[in-house]
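Structural overview
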Amino acid sequence: MARKIIVLGEVRDGSLRNVSFEAIAAAKTASEGGEVVGVLIGDSVTALSGELIHYGADRVITVEDEKLKQYTPDGYSQALMAVIDAESPEGLILGHTSLGKDLAPKVAAKLNSGLISDVTGLEVAGGNLVFTRPIYSGKAFEKKIVTDGLVFATIRPNNISPLEKDESRTGEASSLSAEIKDLRTIIKEVVRKASEGVDLSEAKVIIAGGRGVKSEEGFEPLKELAKVLNGAVGASRGACDADYCDYSLQIGQTGKVVTPDLYIACGISGAIQHLAGMSNSKVIVAINKDPEANIFKVADYGIVGDLFEVVPLLTEEFRKILVNA
Ligand SMILES: Cc1cc2nc3c(=O)[nH]c(=O)nc-3n(C[C@H](O)[C@H](O)[C@H](O)COP(=O)(O)OP(=O)(O)OC[C@H]3O[C@@H](n4cnc5c(N)ncnc54)[C@H](O)[C@@H]3O)c2cc1C
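Below, the structure is looked at part by part. (Residues numbered from 1 in each chain as written. Predicted model: local features only at pLDDT ≥ 70, side-chain atom pairs only at ≥ 80, totals over all residues. Heavy atoms only, no water.)

1. Quick look at the packing of aromatic side chains
Using the criterion set out here, one finds two aromatic pairs in the structure. Here Phe21 and Tyr55 contribute two aromatic rings whose centre-to-centre distance is 3.8 Å and whose plane-to-plane angle is 15 degrees, an arrangement assigned as stacked. Of the two residues, Phe21 sits in helix α1 (residues 18-31) while Tyr55 sits in the loop between α2 (49-54) and β5 (59-64), which places them 34 residues apart along the sequence. Each member of the pair Phe21 and Tyr55 is classed as buried. (Phe/Tyr/Trp six-rings, centres within 6.5 Å; stacked < 30°, edge-to-face > 60°. Helix = DSSP H or I, 4+ residues; strand = E, 2+ residues; numbered from the N terminus. Buried < 20%, exposed > 50% of the residue type's maximum accessible area, 1.4 Å probe, protein only.)

In structure tokens form, the structure reads like this:
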């Protein structure tokens, strides 16, 4: 059944986040040959329309208003609802990001619709659109179909491959004016924690440290390795609780859920709450002194040893290979 699917493009610091392109790829599957309409919300986002089209959107609608400069659930839901009223789509796909996790349930409630959240895959099978999502902290997966109403989903970053960018693709870009009113929250200033390098939730390579790094300085070799591999540094809650790093780096059940191509766990025991945030990584490497550490049960490659010896050796070897490549 061909459907019109709306995809919200997520903008951060003036650029589209990767998950927006992944959402377009998901929408292409979900549309079953129908139309994919990208939506951009903000105060000055029109210039990004072309990029959504290059990644597969058939057309793009922008809703601009200075009240939409920063994300607020009231403002964005009013803007998105205006597009939904104008377009009457059969489906909606957002990223399962902080923004998407906040906005999607609010819009679903307004539409009296169901919502399939944290989707890691979708396919058309047996005449149905089948969504896959992890349950029980990633220990199992469930498959869901929509039997009635909107196909509404949020997709987990780094799980669905975006389509190849094609700059020759063209599509219509139009704007829609929406009345943005009665905002209960006004964001005056966004103060960001200074974070170096790659965004953890979208990183293809993550080097994570646990209590085994022993101190704030103990993260230095991990940062070096991350730099060489163009990756991000993450942490277990053990390391955050011990004040070796900031909680914004925490990965796990109560931290970030990540799915990089390569996850290198250094001095992390592998508690179930940590595994909940990283066990779906494509390749897991564990470095731990304790051969019985639980992390080895989910690791594709295990190195039993002292991380302060192993990590610098890995950095050196990767540096040689990558410089000669
Ligand atoms: C409700 C709840 C929610 C939680 N949420 C999270 C969460 O989101 N994320 C999370 O991570 N945890 C979470 N936890 C905590 C979790 O249960 C563990 O306590 C935590 O993950 C342990 O962190 P760790 O592996 O760094 O530390 P430890 O368990 O102390 O492990 C340290 C490891 O380092 C190894 N090691 C030590 N020195 C070296 C060395 N020189 N070289 C190599 N290896 C070395 C040790 O052998 C050990 O395996 C949660 C707990 C609860 C109760």
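Back to the write-up after that little detour.
2. Side note on the site of the ligand
Close contacts around the ligand come from 26 residues, with Arg211, Ser236, Thr254, Ser269 and Asn288 the closest. In this structure, an oxygen atom belonging to the ligand sits 2.7 Å away from a main-chain N or O atom of Arg211. Taking Gln250, its side chain carries an N or O atom lying 2.8 Å from an oxygen atom of the ligand. Contact with the protein chains covers 76% of the free accessible surface of the ligand, which is 990 Å². Counting only elements with at least two residues in the shell around the ligand, the list comes to α6 (237-241), α7 (272-278) and α8 (307-324). Taken together, the residues of the shell around the ligand sort by class into five nonpolar, 15 polar and six charged. (Near = heavy atom within 4 Å. Polar contact = N/O pair within 3.5 Å; in protein donor to acceptor, adjacent residues only side chain to side chain. Areas by Shrake-Rupley, 256 points an atom, 1.4 Å probe, with all protein chains shown as cover. Nonpolar A, V, L, I, M, F, W, Y, C, P; charged D, E, K, R; others polar.)

3. Regarding the environment of Ser175
Counting through the fold element by element, Ser175 comes out in strand β12 (residues 172-175). In this structure Ser175 comes out as exposed when scored by relative accessible area, which is 61%. For the pair Ser175 and Glu64, spaced 111 residues apart in sequence, the C-alpha to C-alpha distance is 7.8 Å.

4. Thoughts on the sheet that holds β12
Across the sheet, which stays open at both edges, the seven strands sit in the order β7-β11-β6-β1-β4-β5-β12 with parallel pairing between neighbours. At either end of the open sheet lies a strand with only one pairing partner, and these are β7 (116-119) and β12. On average, each strand axis in the sheet is inclined to that of its neighbour by 25 degrees, with strand direction left out of account. Relative to β12, β5 runs parallel, the two being bridged by four bridges. Bridge pairing links Ile61 to Ser174 in β12. The strands touched by α1 are β1 (4-9), β4 (35-42), β6 (91-95) and β11 (151-155); relative to β1, the strand with the most contacts, the crossing angle is about 175 degrees. (Pairing = 2+ DSSP bridges. Axes fitted to C-alpha atoms, helices over the stretch in contact; angles between N-to-C directions. Contact = heavy atoms within 4.5 Å.)

5. Observations concerning unusual backbone geometry
Residues other than glycine seldom take positive phi values, yet Glu32 does so here, at roughly 45 degrees. Within the secondary structure layout, Glu32 lies in the loop between α1 and β4. Judged by its relative accessible area of 25%, Glu32 falls in the partly exposed class. For Asn158, which is not glycine, the phi torsion reads 70 degrees and is therefore positive. We classify Asn158 as buried; its relative accessible area is 7%.

6. Here's the deal with the environment of Leu262
If you trace the backbone, Leu262 turns up in strand β15 (residues 262-266). Overall, Leu262 belongs to the buried group, its relative accessible area being 19%. Spatially, the C-alpha atom of Leu262 lies 33 Å from that of Gln70, the residues being 192 residues apart in sequence. Setting aside chain neighbours within four positions, we find Leu262 in contact with Lys204, Val205, Ile206, Leu229, Val283 and Val285.

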